[in-house]
Amino acid sequence: MIATKTNLEITEYREKFFLGLSLRQLACFAAAAVLAIATCFVCLHWLRMDMQVVSYIVMVEVLPFLGLGFIHRDGYPFEKLVKIYWAWHSENAAVPIRPYKESRNVQKKRTRRSVECETYCRRDEKAARKGRRSAKQSEMNAAQSARSIKKRRAPEKAADCLQYERMYESGICEVEPGLFSMTMAFTDVNFQLARQEEQKSLFTQYSEFLNYFDPDTHLQISLVTRRVDEAEFRRETFLPLRGDSRDRYSEEMNRVISEKALQGQNGLIREKYITISLHEDDYRKAQVRLLKRAEDIQNLFKRMGSTVRRLSGIERLNLLHGITRPEEVMEFSYDWLLAEDSLTTKDFIAPSGYNWKPEHDDSRAVYNDRYQFGEYYGKVLYLRDIAPQMKDNLLSLLSDLDFDNAISIHVDAVEQREAVEQVQKQLAYMQKEKGDGMVNAVRMNLPAYMGVRYELTNQIEDAEELLDNLHNYNQKIFKVCILIHTYGRNNAELDERVQQICNTVQQQTCRFSPIPFEQCAAMNSVLPLGKKWLALERTLLTVNTAIYVPFTTQELFQPGGLYEGTNARSKNLIMVNRKLLPAPAGMVL
């Protein structure tokens, strides 16, 4: 098992200017003091108001300024928290249902053959070329796109809550104007059962994979656990009965498989995906860059013993459908979109409706940290507290949970020169505060070390170590956000699953916390779309990011295979189909 020391969160330190206050706190405190004095002078001397009434007026005036200066939570300043709460409070609780009945009838109306994505691409490119005939027009279009992103209209139906523009049949998704993403599935590798030397080698290769990404490319790693239908599981694992004398042997083997299946988690499928996204002017340019990145990622994963496969548009929609509408089978064809201009791919994967303010079971109050989608209640948590010494099995523990969940790790690289400058700047402020404290202690005839806070001493040591890693050990700084989503048929089942998640991460002294008032943005951030709609993040070095290695143990479960035993770690069935092996030859005795 590999363990790493968690680096300093460099953004937590605030430089002190006067009386231990930052510049923001000092400015807000001064504004509040001036306003309070002016109000007292006007109300008491000119208006002759009662002192008690004036005190209430002053408190009401001063509180916003004190909030601006001193209140912040999870990296959000006070004004951002107020904006988030107001947006949640003013939006409609329930979003109307999707036009799904209309969509299902489209299949009966359509008789054309399937149309390739390039048809839509050529139509979009033709319109785009007309709007980009001059550089001036391009700048105007970019500014208009930025304004449209900033001022997103309120959702009118459930599909509008899914925040992406279009999903091309090639598998490339236009998340927002100018942002395109691609998703790839990768196979698992035997990491937890490997020897220590093999684990270190794989850990080093995974660190090199993370260092491959630059600030222009966003990386999202998704680990999706979903339950398969029991009838489907039996159909894939049990031997068929042929009505002959050998049926008794097939029944005996089926009983053995049924008993062994109870020992593991064979009703769950664990899938792993990589989603990359980047900014580009149009679809064609984005496709070229994404394909080049996908080829490089494929080579990097091949060195780790994992294979990577790009998902098509249908496969990406099916993946999203499994999260937004669990335990249902997706019915969709790109040919259906030509029947009606108002239909989009989101109409076929969106649930029957969203309710962002579900009511408590025993009161009329509403929840702000969960949401209702269709017949289920969902909740997104984020990894808030990280252990000082992190081990490599956190994602493995979460993947072993025996219920549906989706884990998303968002990773954004920071430009190396910018990262070094930021650490040096923070370190300089820390050294200045340390020097001022020592001078003040000497003036009071005290030992110099008594003027330095213990917390500040640790921060300086961690900042120096962080700077040394950036200079000498080929480390990068990443902004990382880890989210997990689960659901239940009612609030009680959801609370039970959330409690299991929290108990699991507490084994590593970590803590998951809810995301109040931002469940819509959190839900979209969990989906493998390639964009994070939350400001929650943690700065980590390459080794601290790589400790969340997505590999656990390789499963061998091939469709139509024969039972060969159970996995030593997961206790899942090993089903091998010799026809899918590199040497499919067999012998009949």
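Cut-off values and rules
Residues numbered from 1 in each chain as written. Predicted model: local features only at pLDDT ≥ 70, side-chain atom pairs only at ≥ 80, totals over all residues. Heavy atoms only, no water. Helix = DSSP H or I, 4+ residues; strand = E, 2+ residues; numbered from the N terminus. Buried < 20%, exposed > 50% of the residue type's maximum accessible area, 1.4 Å probe, protein only. Contact = heavy atoms within 4.5 Å. Areas by Shrake-Rupley, 256 points an atom, 1.4 Å probe, with all protein chains shown as cover. Salt bridge = Lys/Arg side-chain N within 4 Å of Asp/Glu carboxyl O. Axes fitted to C-alpha atoms, helices over the stretch in contact; angles between N-to-C directions. Parallel < 35°, antiparallel > 145°, perpendicular 65-115°, else oblique. Left-handed = near helix turned anticlockwise from the far one by under 90°. Nonpolar A, V, L, I, M, F, W, Y, C, P; charged D, E, K, R; others polar. Expected span 1.5 Å × (residues − 1). Polar contact = N/O pair within 3.5 Å; in protein donor to acceptor, adjacent residues only side chain to side chain. Pairing = 2+ DSSP bridges. Phe/Tyr/Trp six-rings, centres within 6.5 Å; stacked < 30°, edge-to-face > 60°. Core = buried A, V, L, I, M, F, W, Y, C linked by side-chain atoms within 4.5 Å. pLDDT = per-residue confidence, 0-100. Patch = residues over 30% accessible without salt bridge, like charges linked within 9 Å, V, L, I, M, F, W, Y side chains within 5 Å.

Further remarks concern the overall build of the chain. Looking only at helices and strands, the chain features 19 helices and 20 strands. When burial is assessed residue by residue, the chain has 46% of its 589 residues classed as buried. Long-range pairs, those at least 24 residues apart, make up 76% of the contacts in the chain with a sequence separation of at least 6. In the form shown here, the chain has an accessible surface area of approximately 31700 Å², with 53% of it arising from carbon and sulfur atoms.

Quick look at the pattern of salt bridges now. All told, the structure shown has 30 salt bridges when counted by the stated rule. Note that Glu421 is salt-bridged to Arg417, the shortest N-O span being 3.2 Å. With Glu421 and Arg417 both in helix H15 (residues 416-443) and 4 residues apart, this pair spans about one turn of that helix. Accessibility expressed as a relative area gives 42% for Glu421, which makes it partly exposed. Overall, Arg417 belongs to the exposed group, its relative accessible area being 54%.

Between two packed helices, both the angle of their axes relative to each other and the distance between the axes serve to describe the pair. Close contact between helix H1 (residues 23-46) and helix H2 (residues 51-70) brings their axes to 9 Å; oriented N to C, the two are set at 165 degrees. Classified by the interaxial angle, the pair formed by H1 and H2 is roughly antiparallel. Where H1 crosses over H2, the two elements pack in a sense that is right-handed. Counted together, Arg24, Gln25, Cys28, Phe29, Ala31, Ala32, Leu35, Ala36, Thr39, Cys40, Cys43 and Leu44 of H1 and Met51, Val54, Ile57, Val58, Glu61, Val62, Phe65, Leu66, Leu68, Gly69 and Phe70 of H2 form the full contact between these two elements. Its residues assigned to classes, the contact of H1 with H2 comprises 18 nonpolar, 3 polar and 2 charged.

Across residues other than glycine, the phi torsion is negative in most instances, and most of the peptide bonds are trans. With a phi angle near 55 degrees, Asn474 is a residue other than glycine that sits in the positive phi range. The residue Asn474 is located in the loop between helix H16 (454-472) and strand S16 (477-488) in this model. Positive phi, normally seen in glycine, also occurs at Phe517, with a value near 65 degrees. Secondary-structure assignment places Phe517 in the loop between strand S17 (511-514) and helix H18 (519-526). You can call Phe517 partly exposed: its relative accessible area is 25%.

Before going further, it helps to examine H16. For H16, which comprises 19 residues, the first-to-last C-alpha distance of 27 Å matches the rise-based estimate of 27 Å (1.5 Å per residue) to within 8%. Listed as buried for H16 are Leu456, Gln459, Ile460, Ala463, Leu466, Leu467, Asn469 and Leu470. Residues of H16 that are buried sit in contact with H15, S16 and strand S18 (538-541). After H16 finishes, the residue Asn474 shows a positive phi value of roughly 55 degrees.

Following the sequence through the fold, Lys157 ends up in the loop between helix H7 (135-150) and strand S5 (166-167). Along the chain, Lys157 and Ala350 lie 193 residues apart, while their C-alpha atoms are 9.3 Å from each other. Polar contacts involving the side chain of Lys157 include one to the side chain of Asp347, which spans 3.1 Å.

Here the focus is the pairing of S16. Burial within S16 is extensive, with 11 of its 12 residues counted as buried. Pairing of strand S13 (residues 376-385) with S16, which is carried by 6 bridges, proceeds in the antiparallel orientation. Residue pairing for S16: Leu381 is matched across the bridge by Ile484. Pairing geometry for strand S15 (residues 405-413) and S16, over 9 bridges, is antiparallel. The partner of Ala406 across the bridge, within S16, is His485.

Further remarks concern the pairing of strand S6 (residues 173-176). As paired strands, S5 and S6 are joined by 2 bridges and run antiparallel to one another. Bridge pairing in S6 places Met167 opposite Cys173. Hairpin remark: S5 followed by S6, antiparallel, with 5 residues in the connecting loop; positive phi at Gly171, about 105 degrees. In this structure, S6 lies alongside strand S7 (residues 179-186), joined through 3 bridges in antiparallel fashion.

Turning next to the packing of aromatic side chains. Inspection of the entire model under this criterion finds 24 aromatic pairs. A centroid spacing of 5.0 Å and a plane angle of 65 degrees characterise the contact between Trp88 and Phe517, whose relative ring orientation is edge-to-face. Taken together, the positions of Trp88 in helix H3 (residues 78-90) and Phe517 in the loop between S17 and H18 put the pair 429 residues apart, joining distant regions of the chain. Residue Trp88 is classed as buried on the basis of its relative accessible area, which comes to 9%. Centre to centre, the rings of Tyr354 and Tyr371 are 6.1 Å apart; their planes meet at 40 degrees, and the pair counts as tilted. Residue Tyr354 is found in strand S11 (residues 354-355), and its partner Tyr371 is found in strand S12 (residues 371-373); the two are separated by 17 residues along the sequence. Across the pair, exposure class does not vary: Tyr354 and Tyr371 are buried alike. In this structure an aromatic cluster arises from ring pairing among Phe186, Tyr206, Phe209, Tyr212, Phe213, Phe301 and Phe551.

Here the focus is the nonpolar core. Core analysis: the largest hydrophobic core is formed by 61 residues, its most contacted members being Phe209, Tyr548 and Phe551. For this core, the leading source of residues is helix H11 (residues 283-303), giving 7 residues. Setting aside residues no more than four positions away along its own chain, Phe551 makes contact with Phe186, Thr187, Asp188, Val189, Phe191, Gln192, Leu202, Tyr206, Phe301, Met304 and Ser306. Counting 50 residues, the second-largest nonpolar core is a separate cluster that includes Leu162, Tyr273, Leu337 and Cys520.

Glancing now at the side chain of Gln459. Assignment of secondary structure puts Gln459 in helix H16. Apart from the residues lying within four places of it in its own chain, the contact partners of Gln459 are Leu8, Tyr13 and Met430.

The predicted model of the chain averages 82 in pLDDT, with 84% of residues at 70 or higher. Considering only residues more than four positions removed or in separate chains, one finds that residues 146-151, a stretch of pLDDT under 50, has 3 contacts.

Looking now at a nonpolar patch on the surface. Taken together, the side chains of Phe17, Phe18, Leu19 and Leu23 present a nonpolar region at the surface, about 470 Å² in accessible area. Within the element layout of this structure, Leu19 appears in the loop between strand S1 (3-5) and H1.

Take the packing of helix H8 (residues 196-211) against H11 next. In the contact formed by H8 and H11, the axes pass within 9 Å of each other and the chain directions differ by 170 degrees. It follows that H8 is roughly antiparallel to H11 by the angle criterion. When H8 is examined against H11, the residues Gln205, Glu208 and Phe209 are found in contact with a partner set consisting of Ile297, Leu300, Phe301 and Arg303. Split into classes, the residues belonging to the contact of H8 with H11 amount to 4 nonpolar, 1 polar and 2 charged.

Okay, H8 next. Relative to the 22 Å expected for 16 residues at 1.5 Å per residue, H8 spans 23 Å between its end C-alpha atoms, a close match to the ideal helical length. Within the span of H8, buried status applies to Gln199, Leu202, Phe203, Gln205, Tyr206, Ser207, Phe209, Leu210 and Asn211. Contact partners of the buried residues in H8: S1, strand S8 (217-227), strand S9 (268-279), H11, S16 and helix H19 (542-546).

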